[in-house]
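Okay, here's what each chain looks like letter by letter:
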Amino acid sequence: KHSGGAARPPSFSQMGPPVRRQATLHQLGKVQTSRSSSYYNVNIEDVESQKQTLLTASTSRTDFVSALRQLSSMLLTKDLLERSMIGVCVNKIAKKHPDIEMRTLAKGIVEKWRTEVREQVGRDTKKARGVAGWRKPAR
């Protein structure tokens, strides 16, 4: 019998099995992340590497498709598209490649990039207007 104070914590044998927490990717030793497949951390070297794969005549069909899919999964800025000229390369594929599946895939990528760049430019002009104090005139 114990006096009317606070209850004692349960002993280890009464607590049940230990609680397991979900592991993070960094805790898992065998997990490797690929920089080229990262959506946000894209640099010019990643894009140039995929571009070389597309421009090489001896590229196998699977490598070609893989390069297009890698490019499709990347978030490219307007600046990166202009510096790498990857848009020109993929647009040529969309218009002139003999395989219709490749043309379709390339067309989808070009449309995606156009949409993303238009959204980026729209956000940038809104920011510039806000910073400069520009206001739309009242009607």
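Further up the page is the structure itself.
Described in the following lines is the structure provided in the data block. (Residues numbered from 1 in each chain as written. Predicted model: local features only at pLDDT ≥ 70, side-chain atom pairs only at ≥ 80, totals over all residues. Heavy atoms only, no water.)

## A few points about the nonpolar core
General note: in soluble globular proteins, nonpolar side chains tend to be found buried as a group.
1) Next: Counting 23 residues, the largest nonpolar core has Val47, Leu54, Leu71, Leu76, Ile86, Val90 and Trp113 as its most contacted members.
2) Next: Listed by contribution, the elements that provide at least two residues to this core are α2 (44-55), α3 (61-73), α4 (78-84), α5 (86-96) and α6 (100-132).
3) Next: With six residues, the top contributor of residues to this core is α6.
4) Next: Once residues within four sequence positions are removed from consideration, Val47 is found in contact with Val42, Leu71, Met74, Leu76, Leu80, Ser84 and Ile86. (Core = buried A, V, L, I, M, F, W, Y, C linked by side-chain atoms within 4.5 Å. Buried < 20%, exposed > 50% of the residue type's maximum accessible area, 1.4 Å probe, protein only. Helix = DSSP H or I, 4+ residues; strand = E, 2+ residues; numbered from the N terminus. Contact = heavy atoms within 4.5 Å.)

## Here we look at a positive patch on the surface
1) Next: Taken together, the side chains of Lys92, Lys95, Lys96 and Lys107 make up a positively charged region of the molecular surface.
2) Next: It is α5 that provides the largest number of residues to the positive patch, a total of three residues.
3) Next: Turning to its location among the elements, Lys92 is positioned in helix α5. (Patch = residues over 30% accessible without salt bridge, like charges linked within 9 Å, V, L, I, M, F, W, Y side chains within 5 Å. Areas by Shrake-Rupley, 256 points an atom, 1.4 Å probe, with all protein chains shown as cover. Salt bridge = Lys/Arg side-chain N within 4 Å of Asp/Glu carboxyl O. Lys, Arg positive; Asp, Glu negative; His and termini not counted. Charge placed at Lys NZ, Arg CZ, Asp CG, Glu CD.)

## Some details on the pattern of salt bridges
1) Next: Applying the stated criterion to the full structure yields five salt bridges.
2) Next: Between Asp99 and Arg61 there is a salt bridge; the shortest N-O distance is 2.8 Å. Taken as a pair, Asp99 in the loop between α5 and α6 and Arg61 in helix α3 lie far apart in primary sequence, 38 residues in all.
3) Next: For Arg61, a relative accessible area of 44% translates into the label partly exposed.
4) Next: The closest approach of N and O atoms between Arg83 and Asp79, which form a salt bridge, is 3.2 Å.

## Focus on α3
1) Next: Taking 1.5 Å of rise per residue, the 13 residues of α3 would be expected to cover 18 Å, and the 18 Å separating its terminal C-alpha atoms lies within 8% of that figure.
2) Next: Listing the buried residues of α3 in full gives Phe64, Val65, Ala67, Leu68 and Leu71. Viewed along the axis of α3, the buried residues span an arc of 160°, placing them on a single side of the element. (Expected span 1.5 Å × (residues − 1). Arc of directions from axis to C-beta.)

## Some points on the packing of α2 against α5
1) Next: Closest axis-to-axis distance for the α2/α5 pair is 10 Å, and the angle between their directions is 30°. Relative to α5, α2 is oriented roughly parallel. Two packed elements cross with a definite hand, and for α2 against α5 that hand is left-handed. In contact with Val47, Lys51, Leu54 and Leu55 of α2, α5 contributes Ile86, Cys89, Val90 and Ile93.
2) Next: Classifying every residue of the contact of α2 with α5 by side-chain character gives seven nonpolar, no polar and one charged. (Axes fitted to C-alpha atoms, helices over the stretch in contact; angles between N-to-C directions. Parallel < 35°, antiparallel > 145°, perpendicular 65-115°, else oblique. Left-handed = near helix turned anticlockwise from the far one by under 90°. Nonpolar A, V, L, I, M, F, W, Y, C, P; charged D, E, K, R; others polar.)

Remember that the coordinates give geometry; whether it matters functionally is a separate question.
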